[in-house]
Amino acid sequence: MSLKKILTIAGSDTSAGAGMQADLKTFQEYNTYGMVALTAVVAMDPETWGHDVTPLPIELLDKQIKTALSIGPDAIKTGMLGTEEIIERAAKAFEDSDAAFFVVDPVMVCKGEDEVLNPGNTDAMIKYLLPLATVVTPNLFEAGQLSGLGKLTTIEQMKEAAKIIHERGAKHVIIKGGKALESDEALDLYYDGETYTLLTTDKFQSSYNHGAGCTFAAATTANLALGKSPREAVIAAKGFVASAIKHGWKMNEFVGPVQHGAYNNVEKIEVTTKEV
Ligand code: ADP
């Protein structure tokens, strides 16, 4: 059987737009077999949508990783890890596995919350995750943190940040200008150590985009597992997530998730690329 197996090490978003739920839905859209090692459970207060994050005991994460590795994932993705100890464990999981691809989504803030989950995590990501990453998928804020450059506002600064993150070990870097970069288009910058490529789609409604980042990284992982090159994988993932965002929907007065299946079921969005 040639079904590709993918492990996500991530948190649970009970509303299921982001987190491991977004990962599993996305893996399924690509007809890959998703598995989960859960790091934390996020529940929301129905009155305020304030996030309540409960980390799981580290021993429980260890057991899950052991189980999943025994099944033999072809690729591993990380999402919300939350503590330095878990970051180290995620890196070790990849090292202990036979997986060919390691996609690091360096989640630093939980959507709806402004503060960084834990500043020490950034250093741990740089130390443990970047040197192993096949692809790292920071948004503008995360790229500023991982590169040490702080706030990024231009393509030139994104290029600088991508270069530093690449020097820190990530083989392929995609910085999501996405919703944070001021532009009429949704721009992401890809760097493979040689060439900078700008990936562009139209910018769609942005109210119902919860889970976009997780979905993008999960789609990148699935495409890698299916044999695409990192460059082709991020281009495909961008088209996939653009469709998901365009067809995002209102869940309640606080949040609207992307529609994970929109690319396959509703509409395929074209991505244009340009060397910069
Ligand atoms: P994160 O959720 O990690 O902050 P983003 O939402 O910025 O990440 O980006 C995830 C992906 O979605 C990127 O490819 C980005 O370009 C794309 N994206 C974000 N907002 C929009 C939008 N309004 N229209 C189209 N694509 C978008």
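Higher on the page you've got the structure.
The following refers to the structure shown. All values derive from a computational prediction rather than experimental measurement.

A count of helices and strands for the chain gives nine helices and 10 strands. Whereas a compact globule of 276 residues would reach a radius of gyration of roughly 19 Å, the chain reaches 17 Å, a difference of no more than 12%. Summarising its shape, the C-alpha atoms of the chain cover approximately 45 × 45 × 40 Å along the three principal directions. Going through the 276 residues of the chain one by one, you find that 54% of them count as buried. In the chain, the proportion of contacts linking residues at least 24 apart, taken out of those at least 6 apart, comes to 67%. When the accessible surface of the chain is totalled, it reaches about 12000 Å², and 50% of it is carbon and sulfur. Side-chain charges of the chain comprise 25 positive and 36 negative groups, with the mean position of each set lying 4 Å from the other.

Another aspect to go through is the site of the ligand. Close to the ligand lie 19 residues; Asn139, Lys176, Lys179, Asp188 and Phe204 are nearest. One of the side-chain N or O atoms of Asn139 is found 3.0 Å from an oxygen atom in the ligand. Between the ligand and Lys176 there is a distance of 2.8 Å, counted from an oxygen atom to a side-chain nitrogen or oxygen. In the complex, 96% of the free accessible area of the ligand, which totals 550 Å², lies under the protein chains. Secondary structure elements with two or more residues in the shell around the ligand: strand E8 (185–191), strand E9 (196–202), helix H7 (212–225) and helix H8 (230–246). Here the residues of the shell around the ligand are counted per class, giving six nonpolar, six polar and seven charged.

Rules behind the numbers
- Residues numbered from 1 in each chain as written.
- Predicted model: local features only at pLDDT ≥ 70, side-chain atom pairs only at ≥ 80, totals over all residues.
- Heavy atoms only, no water.
- Helix = DSSP H or I, 4+ residues; strand = E, 2+ residues; numbered from the N terminus.
- Rg over C-alpha atoms; globule rule 2.2 N^0.38 Å.
- Buried < 20%, exposed > 50% of the residue type's maximum accessible area, 1.4 Å probe, protein only.
- Contact = heavy atoms within 4.5 Å.
- Areas by Shrake-Rupley, 256 points an atom, 1.4 Å probe, with all protein chains shown as cover.
- Lys, Arg positive; Asp, Glu negative; His and termini not counted.
- Charge placed at Lys NZ, Arg CZ, Asp CG, Glu CD.
- Near = heavy atom within 4 Å.
- Polar contact = N/O pair within 3.5 Å; in protein donor to acceptor, adjacent residues only side chain to side chain.
- Nonpolar A, V, L, I, M, F, W, Y, C, P; charged D, E, K, R; others polar.

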